Every structure is written in C-alpha cells, then in structure tokens.
2 protein chains.
Amino acid sequence: MKQPIAEIVSVGTELLLGELVDTNSAWLAGDLRDRGVFVYFKTVVGDNRQRLRDTVARALDRSDLVIVGGGLGPTDDDLTREAIADAVGETPQVDPTLLARLEALFAARQREMPAINRKQAWLIPSAEPLDNPVGTAFGWLVRTRGKLVVAMPGPPHEMKRMWLDQALPRLALGPAGFWHTTIHTLGIGEGSVGELLAAFTGQANPSVATYARRHGVDVRVAASAPTPEAAAGLARPVLAEVERVLAPYIWGRDAETIAQVIGRLLTDRGQTVACAESLTGGLVADTLTDTPGASGWFRGGMVTYTPEAKRLLGVRAATIDKNGVVSEPVARAMAAAARRKFGADWGLATTGVAGPAALEGQPVGRTFLAVTGPAGTTVAAPPTWLGERRQIKERTVNGLLMLFFRLLRGEPTP
Amino acid sequence: MKQPIAEIVSVGTELLLGELVDTNSAWLAGDLRDRGVFVYFKTVVGDNRQRLRDTVARALDRSDLVIVGGGLGPTDDDLTREAIADAVGETPQVDPTLLARLEALFAARQREMPAINRKQAWLIPSAEPLDNPVGTAFGWLVRTRGKLVVAMPGPPHEMKRMWLDQALPRLALGPAGFWHTTIHTLGIGEGSVGELLAAFTGQANPSVATYARRHGVDVRVAASAPTPEAAAGLARPVLAEVERVLAPYIWGRDAETIAQVIGRLLTDRGQTVACAESLTGGLVADTLTDTPGASGWFRGGMVTYTPEAKRLLGVRAATIDKNGVVSEPVARAMAAAARRKFGADWGLATTGVAGPAALEGQPVGRTFLAVTGPAGTTVAAPPTWLGERRQIKERTVNGLLMLFFRLLRGEPTP
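None of these values were measured; they are calculated from a predicted model.

Parameters at a glance
- Every chain is numbered independently, its residues counted from 1 as its sequence is written.
- The naming scheme follows written order: chains are lettered A onward, ligands numbered 1 onward.
- The model is predicted, so local features are restricted to residues of pLDDT at least 70 and side-chain atom pairs to those at 80 or more, both for listing and for counting; the totals for chains, interfaces and linings are taken over all residues.
- To obtain the side-chain values, all non-hydrogen atoms of the structure were used and water was disregarded.
- Only protein chains enter the accessibility calculation, which uses a 1.4 Å probe. A residue is then buried if its area is under 20% of the maximum for its type, exposed if over 50%, and partly exposed in between.
- A run of DSSP states H or I qualifies as a helix once it reaches four residues; a run of E qualifies as a strand once it reaches two. Both are numbered from the N-terminal end.
- For two strands to pair, DSSP has to find at least two bridges joining them.
- Here a residue-residue contact requires only that any non-hydrogen atoms of the pair lie within 4.5 Å.
- Here, a salt bridge means any Lys or Arg side-chain nitrogen found within 4 Å of an Asp or Glu carboxyl oxygen.
- Any pair of N or O atoms that falls within 3.5 Å is considered a polar contact. Within protein, one atom must be able to donate a hydrogen and the other to accept it, and sequence-neighbouring residues count only if both atoms are side-chain atoms.
- An axis is simply a line fitted to the C-alpha atoms; with a helix, the fit covers only the stretch in contact. Between two such axes, the angle follows the N-to-C directions and lies from 0 to 180 degrees.
- A helix is expected to span 1.5 Å for every residue after the first.
- When describing relative orientation, an angle under 35 degrees is termed roughly parallel and one over 145 degrees roughly antiparallel, while 65 to 115 degrees is termed roughly perpendicular and anything else oblique.
- What makes a crossing left-handed is the near helix being turned counterclockwise from the far one by less than a right angle; a clockwise turn instead makes it right-handed.
- Each residue gets one label: Ala, Val, Leu, Ile, Met, Phe, Trp, Tyr, Cys and Pro are nonpolar, Asp, Glu, Lys and Arg are charged, and the others, such as Gly, are polar.
- In this description, a nonpolar core means a group of buried Ala, Val, Leu, Ile, Met, Phe, Trp, Tyr and Cys residues linked to one another through side-chain atoms lying within 4.5 Å.
- A residue counts toward the fit only if its pLDDT is at least 70 in both copies, and the copies are then superposed by least squares on the C-alpha atoms of those residues.
- Put simply, a patch holds well-exposed residues, over 30% relative accessible area, that have no salt bridge, with like charges counted together within 9 Å and Val, Leu, Ile, Met, Phe, Trp or Tyr side chains within 5 Å.
- Each accessible area value is a Shrake-Rupley result obtained with a 1.4 Å probe; residue values ignore everything except the protein chains displayed when judging cover.

Caption draft 1: Geometry of the pairing of strand β16 (residues 367-373) of chain A. Residue and element names in this part refer to chain A. With seven of its seven residues buried, β16 lies for the most part within the structure. Residues T367, L369, V371 and G373 point to one face of β16 and F368, A370 and T372 to the other, with burial holding for every one of them. Looking at chain direction, strand β15 (residues 346-352) and β16 are connected through six bridges and run antiparallel. Bridge assignment links A349 to a residue of β16, and that residue is A370. Pairing analysis gives five bridges linking β16 to strand β17 (residues 376-380), with the strands arranged antiparallel.

Now the structure itself:
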C-alpha cells in the first residue's frame, strides 16, 4: 500500500466525558506521519453501537486505512467488534482457537474466565486476529472492499505493542518522504530558545518548532522531500546549526530520557549513584529506575521526609537545627550521606517546599539541589518554582538530573 | 448563558504529529458535560495561522462558546493570538499593564525577559486578559457577536487553573441536568465487574459503564434529568446497588487517589507509615508523597535496589542468601525493617522483577508485597504481571496500596 489516507477513530464515552485521555490517537498520528501516511480525520465517538457503526462506515468510505482504538473489552459497553461487523455486514462468532488461548490466559493467572469474556474470542469472516502479548483483548485486522480496518485495544501499552508488532508488518506501508528529530534541552526558557533560533522558526521546510515540556524545551527539526534520504539531507544543515547554538543546553534526542542518558554515562565509566530525597519524595529514584538496566548503576536511595529520617541517613542534627531542613547545607549533607551510606561514586539530594503550605518560613517552590562526586560537591538553588505540588516535584527532579548530567560531562554548571 | 453549545479547538502541530498528547480537550469536555454544556466538535489544528483562523471562524459560526487551548507561547509558531485577532477582524497591541506584569515575573526569577516574549502581553479591543498564576502566558476572553472565545495556554496545569479560577466565573454557565460519579475498584477484573453489574450496564438512563484503568476497574454511574437534583435522585438507587455488589473492591470515588484515602485513614488514627522498595524503585514513596499533607503520616522510605542496600536497611544476609531477593521472606523482612528503621506504625515493601530481563530465575512481572503493622505481617504474591517495566512498577504499587488499604480497614485480604 502506497501513501494511503488513514483515519483514526477513538472509541469511548469516557473520552467525550473527560473520564479518560486519548493518548493513542496522538501516538498513532505521529507514527503514521513518520511512515508517510497522512491522517485527515481524527474522530472521538462514544460507546454507542449505531454511532460507532456509522463512524466506521463513513471512515471506510473516505479513507484507505481505518484505525479503531478501544471498545474491545469484555463488557456490554465494549461495542467495537459489533460495530465493525455491522459496518461490513458480517456476524461475529466465537473462534475456538482464540477461546482456548483466552481461557489459558486466565488459568495462568489462577482465575476462572467469566462467561462475559467469551466475546473477546469473537471473529468475523473478513477479520484476522492480532495477538496481544500484554492483555486479554485480541485485535482485528479486517480486509474489506480493498480497504483495511485495524481494531486495537484502548490501553496504550497494549495498543502500541499490537500496532508495531502485529498490525504494521501486515500493512506494508510505503516509504516516508518525511524526516524529523526532536532535541531536548534544559536550563533555558522557550522565549530564549526562540530568539536563538529566530532565523529558522519562520521557515516551512525544513521547519524548526519549539515546545515547552515538563522536561525542558524541545526543539523539533523536520523536513519533507520525495524520499526520506532527501528529507534528511535537507534537514541536516539546519539541525547542525540548531545543535551548535543550543549546545550548552542539549541533553538528548527523540525518545531518550535524561535518566537513560545519565545511565549510559555512568555505565561507560563504571560508576554508580545513590540519592536522598526530601520534597521529591521518591521521584528521583523512580525516574532513575524507570531505565532498563538501572540496577547496574543505581545503588539505592532514601526518602527522608522528616528531620528524624534525615538524621537516620547521616545528616547531623546540628546542621538541621542551625540551617533548617530547607537549606543549602542540608542538601549538601544529604548528598554526601547518600553517597557514603550506599557506597556510590555519586550522591544526589533534594530538599525544599512542595506545598501546598510554606515550611520554616520558606515559600512553596523553594528548593535546593546537591550533587556530590569524586571531585567535590555542587549545590544549586533554582529560582522559586511556580506551580502545584506535582509540578514542583517534577521540576526539581529535572533540575537535579540536568545538574548531574552537566557534572558528568564536565560542563560548567549554571 | 444557558446550555450553550461549546467547541474545543486544540492547537499545535505537535498534536498532529504525535509529539504531544492532548489531555486538555478530554478534561475540558468532562468539565463542560458536568455543567450541562454539550460539546459537539473537538478539533485538532496545527501551528498554521490561516488554518487556525479558519477553524476559529467556523467554530464561532456554529457554536456559542469556543475554547482554544495552546499557541500562547512567545515564539513565532505560537499563533493563537494572531488567529483569533484575524477571525474577529482586530489588531493585537502590547498592553502596558500586562507587559509590566510579565517583566516583573521574569525579574522575580532573576532572568531578563527576551524581547520575543512581548507578544505574550498582546490584547485586542474585544479581549479581556485572564490571569495565569502558574506561568507566563495570559489567556484571553473574547466577546464577539454575542459569542465567546476563551483562549488558554497549553500546559495542562496552567489551563486548568485558568479555566476554573478565571474563565468559569466570567461565563455564568447554566445549571446542569446531569449527574455522575465514578467508583474506583481494585482486585477484580473488568469481566467480573461486568457480570456483577449485568442488570445495569444495558440501560441508558441511569447508565452504568466500566473502564479498565491503571489503578483498577472504574465504574461510572450517570443520569440525566431536567435538574441536577432529579438526575441525582434517578441515579441514587442504582448507585446504592453498585456499591453493595462491589463493596469488597471499592476504595474511592471520583478525583480521590488511593494514596489520599490511605492518608486520611492514617491521619484519623494518628498512625504513620514507611516503605522499603526494590523493583518499584521509589514509586511507592512518590505516590504517597503526591498527597498534600503527607509529611503528617509518611515517615520515609528506602529504595534498596541492591542486596547491599537491603542489608543496610536491616534485612539479614542469610534471608537473602537462602531465599533470593525476589521472595516472600525478603519482602517480609524489608517491611519489618522499614517499620523499625523509620519508627513507623506500618511498614510496606515490594520486591520483584521489573524487567526487561529475568532475575534469579524468576520471570519478569513476578512480585512480592508485604505490609506489616501493629497486628502482624501480611505478604502477597500477585499473579505474574504482563506488561512492560513501567506498567509492572505501577501495578505493583497499586497492588501494595490496595493491600494496605484493606488492612487499614480491617477487611479480609485476597
């Protein structure tokens, strides 16, 4: 299939009522765009058999590839199978092979399969089942009138696996004439990035766009051309200039996380890290340990949410009494204690006020970061953060990891 | 304004390319529905002045209230102000009051304001500015031809604050004839919930719908009637029956998180908790400390990602050597050590295999949970989780918190 027109249908009354966020259509749109497939319509429709049938039928009229997400669960309001069957004029029946596999899945989890789940083993004559290695809902690939319908479960990690591993290999999409990359920066505002890149942000191809994100400001460089190679060639000089101008702030590219980049730097030099957290409450450790292989370089962490816990870690009572827990000396002492206690090469620490109330006379958003390593300790006091509890935690973690990243690379810190 | 028709426009090429997920339109749709406002159209449009202008103009033709999210940043590709001005035929100018406030914001963060940010102080004659206490982008409320346009920044926490605190009080939306609530359950599959509620899930008003979520299965009970009171009255008997049938699995309602519910139970009895985490890597502590006021009942935690760190916590080497780190005895010992070390009433622990590789011959997804408290220790070995690293961490935390919740309430554990 060459350069087909695709349409994304997201199913679920919860999406119209704000009960759930539709992450899938954005992810799919991005994946399709990278493969040279245009998405002209994105529709959200509720759990209503007639409206869903009409939506699928209309999509089949105007598009080549219809991707339906959601509505494959076992309950009465999961109607995607019924609606697709209606739209193509077929009748679903239980497929014995699928049923046996479904029952085995439940048995493996020491549960009896409720009878209601039998509909998850349905097929129609024009549908081929798509495996789901991480859930109970099989997908459908329906070939009808020279067009395709791909139905996949709503949970994002199930949908993504099914799309990449099961659906795409069967679709044989044409080559893309589109190339793009996203550069991640930290420590510079979107306005300043925009000024530095003013020569590029006005042009259409290659295009340069900036986005304020929780992990910093992202810069996307994209180009279109008849072939992917030509598009990449078009983007190359612009990308080089963007990388040159923003060099002090860049920490990664595309799907990379800053924790992954840090993990790679630590692995390369055979070093390890440990952390001590006050206001971030475990989010530093959680962020680091989201990286596969973290056990090779992450020694452990302590969430010292009370002064007693900080003393337990190894911070002297006098340091706390003299400076207060929200202070540079306490951040410094926590990092040193974490490094020592866990026997790591590096120690990281956060202390501050996550809110909603002020603490020890310090305002919400006031934070101190410390990184200690083989060559000494660096302490930072970022500007007082605006935002709510979760945002303050996230910004503190991002600031700490950026500081650590710079020290690991031997770069000057702000 | 009574029962207006609203339309949501989400702005950003990144939304069409999969660079960013549109959480805002779902949240807004839900909020509007609860206020009796119907949303007929949800549109995603890119950072293109002409297409954005056309979208806003079309929305103004067919809807009473147009809510535009995103495109209020300082850079050239932030075009919402320009497009709205085009659509209503006015010209933006820098407002001196807004400019002074913007400059003060930068000064407070010890940064000079880049000249590019001046456009964030623009207004048009028919626009009233909307304050943004947590960011630099002001919103606009535009009154034109008896209709309203509300433009708000894209970052979700900025948009939500602005919508609730600034926009809604100025809109005077009519009373809703809609009532709904969402009940959160854990420990039961969606199929089993569907079977227990089969008598209700087929009916339209009141409606009962089930959704599989990361935190368990949600059940939404909703009803429509001429007034909110009548709708609530219609829903009440169905809700009572749903609560009766699912009682052993229910942990909360609506915006409540399980960490909040646990925090309230601990506060009520003047007790505290501490945790020790292996595979969850800090996510238990992070989840608990997302709750405002957590410092009143959360003593601290330790992320023991290595056998040495587990011994540091107080787990005996013999326990690890004999059973392996992924074992019931180690989970039990970790919970006891966390309770003892932090001087808490309760100790929580997780150990297991987050993946991607197996560990000590145990498969990915194998986990052990332990909760120890004044009356003893409970250990659980959930069925081996399907899914990827992050999902396994989240499911483990949910399972642990549900187990803790049941023990706090004195309920039997599975």
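So, next bit.
Caption draft 2: Structural detail: the interface of chain B and chain A. With 91 residues of chain B at the interface, the matching set in chain A holds 92 residues. Our enumeration of links across chain B and chain A arrives at 12 salt bridges. Remark: the boundary between chain B and chain A carries 35 residue pairs in polar contact (both at pLDDT 80 or more). At six residues, the largest contribution of residues to the side of chain B that touches chain A is made by strand β14 (residues 298-303) of chain B. The sheet contact formed by strand β14 (residues 298-303) of chain A and β14 of chain B spans three bridges and is antiparallel. Across the sheet, residue V303 of chain A finds its bridge partner in β14 of chain B, namely G301 of chain B.

Caption draft 3: A look at the sheet that holds strand β12 (residues 250-253) of chain A. Residue and element names in this part refer to chain A. Spatially, the four strands line up as an open sheet ordered β10-β11-β9-β12, and their pairing is antiparallel. If you trace the sheet from one side to the other, it starts and ends with β10 (207-213) and β12, each paired once. Each strand of the sheet is rotated relative to its neighbour by a mean of 25°, with strand direction disregarded. The pairing of strand β9 (residues 178-185) with β12 spans three bridges and is antiparallel. Residue pairing across strands places H184 opposite G252, the latter belonging to β12.

Caption draft 4: Broad picture of helix α14 (residues 328-342) of chain B. All names here are of chain B. With 15 residues, α14 extends 21 Å from end C-alpha to end C-alpha; this agrees with the ideal 21 Å at 1.5 Å per step. Those residues of α14 lying buried are V330, A331, A333, M334, A335, A337, A338 and F342. Its side-chain oxygen placed 3.3 Å from the backbone nitrogen of V330, S327 serves as the N-cap of α14.

Caption draft 5: Inspection of the packing of helix α10 (residues 258-269) of chain A against helix α15 (residues 389-408) of chain A at higher detail. Residue and element names in this part refer to chain A. Their axes nearest at 10 Å, the elements α10 and α15 cross at an angle of 30°. Between α10 and α15, the angle is such that the two are roughly parallel. The two elements α10 and α15 cross, and the hand of that crossing is left-handed. Seen from α10, the contacting residues are I258, V261, I262, L265, L266 and R269; seen from α15, they are L401, M402, F404, F405 and L408. Tallied by class, residues from the contact of α10 with α15 come to 10 nonpolar, no polar and one charged.

Caption draft 6: Expanded view of the nonpolar core. Ranked by internal contacts, the top residues of the largest apolar core, which has 46 residues, are L313 and M334 of chain A together with L313 and M334 of chain B. Within the residue set of this core, elements represented by two or more residues are β13 (273-277), α12 (307-313), α14 (328-342) and β16 of chain A together with β13 (273-277), α12 (307-313), α14 and β16 (367-373) of chain B. Non-local contacts of L313 of chain A, meaning those with residues more than four positions away in its chain, are made with A276, M302, T304, M334, A337, A338 and K341 of chain A.

Caption draft 7: Fine view of the relation of the copies chain B and chain A. In the superposition of chain B on chain A (RMSD 0.1 Å, axial shift 0.0 Å), the rotation amounts to 180°. Given the turn and translation reported, the copies of this chain are related as if by a two-fold rotation axis. Both copies contact each other with a shared surface, as 100% of the interface residues of chain B are interface residues in chain A too.

Caption draft 8: Local environment of α10 of chain A. Residue and element names in this part refer to chain A. An ideal rise of 1.5 Å per residue puts 16 Å on 12 residues; α10 measures up with 17 Å between its terminal C-alpha atoms. At its buried positions, α10 is contacted by β12, β13, α11 (283-289), β15 and α15. Of the residues flanking the end of α10, it is G270, one or two places downstream, whose phi is positive at about 65°.

Caption draft 9: How the structure looks around the sheet that holds strand β10 (residues 207-213) of chain B. Residues and elements named next belong to chain B. One open sheet accounts for four strands, arranged β10-β11-β9-β12; its pairing is antiparallel. Looking at which strands have only one partner, the edges of the open sheet turn out to be β10 and β12 (250-253). Across the sheet, the axes of successive neighbouring strands diverge by a mean angle of 25°, strand direction being ignored.

Caption draft 10: Structural context of a nonpolar patch on the surface. Residue and element names in this part refer to chain B. Taken together, F38, Y40 and F41 make up a surface patch of nonpolar side chains, about 310 Å² in accessible area. Its location among the elements puts F38 in strand β2 (residues 38-45). Here F38 falls in the partly exposed class, since its relative accessible area comes to 35%.

Caption draft 11: Local environment of the pattern of salt bridges. As enumerated under the stated definition, the model contains 36 salt bridges over all chains in all. Between R390 of chain B and D286 of chain A there is a salt bridge, with its nearest N and O atoms 3.1 Å apart. Here D286 of chain A lies in helix α11 and R390 of chain B lies in helix α15 (residues 389-408), a pairing that spans two chains. Overall, the relative accessible area of 2% leaves D286 of chain A in the buried class. One salt bridge in this structure joins E388 of chain A and R161 of chain B, with 2.9 Å as the shortest N-O distance. Residue E388 of chain A is located in the loop between β17 and α15, and its partner R161 of chain B is located in helix α6 (residues 156-171); the two belong to separate chains. The partly exposed category is assigned to R161 of chain B, whose relative accessible area is 26%.

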